[in-house]
Amino acid sequence: MGKRNFKSPLQKEASSITFISPAALSREEKSGVILEGTYVESSPNNFNEDKLDFKFSDDKGNMTVINAGGNLGWAMQPINIGDYVQVSYNGKKEITKGKMSGRMAHDFKVLVDKQEE
């Protein structure tokens, strides 16, 4: 009998999955583009269901999840599933308005690829 190769018919198999934590980015003093890929979905954060984590796929099928933090949820609001995006992390910035004014928060920028059709 030959070797069997079982795969899920319900989902595309990813080569790998990576989790990105804003706290780790800050600790490691990383900044700049952290991801380019297709927006797959959002799901509630395991530690705070009021915040969302965001999943992306690259051209090779590798998955990346960026954990909720800072202004990422706000930056992702206009992004649609299937959009190709570039996500940048800009370190922590001081919040200048609202009830959180004066506190430091993770700062993300999300750009969407708007290629002409």
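Note: the structure precedes this text.
Once a new chain begins, its residue numbering starts again from 1 and follows that chain's sequence as written. In keeping with the model being predicted, local features are shown solely for residues with a pLDDT of at least 70 and side-chain atom pairs are shown and tallied solely at 80 or more, while totals for entire chains, interfaces and linings include all residues. Side-chain figures throughout are based on the complete set of non-hydrogen atoms in the structure, without hydrogens or water.

Colleague: An account of the overall build of the protein is requested, with residue identities and associated values reported.
Modeller: Under the DSSP-based scheme used, a helix requires at least four consecutive residues in state H or I and a strand at least two consecutive residues in state E, with every element numbered from the N terminus. Counting its secondary structure elements, the protein contains two helices and six strands. The 117 residues of the protein split such that 31% are buried. Contacts are assigned to residue pairs with any non-hydrogen atoms lying within 4.5 Å of each other. Long-range pairs, those at least 24 residues apart, make up 51% of the contacts in the protein between residues at least 6 apart in sequence. Only the protein chains shown count as covering a residue, and every accessible area follows the Shrake-Rupley method with a 1.4 Å probe. As displayed, the protein offers around 8,800 Å² of accessible surface, 47% of which is attributable to carbon and sulfur atoms. Three labels apply to residues, based on accessible area from a 1.4 Å probe with only protein chains included: buried if under 20% of the type maximum, exposed if over 50%, partly exposed otherwise in between.

Colleague: Residue-level account of the environment of methionine 104, with values.
Modeller: Turning to its location among the elements, methionine 104 is positioned in strand β6 (residues 104-112). Along the chain, methionine 104 and glutamate 94 lie ten residues apart, while their C-alpha atoms are 4.4 Å from each other. In contact with methionine 104, not counting residues within four places along its chain, are Lys92, Lys93 and Glu94.

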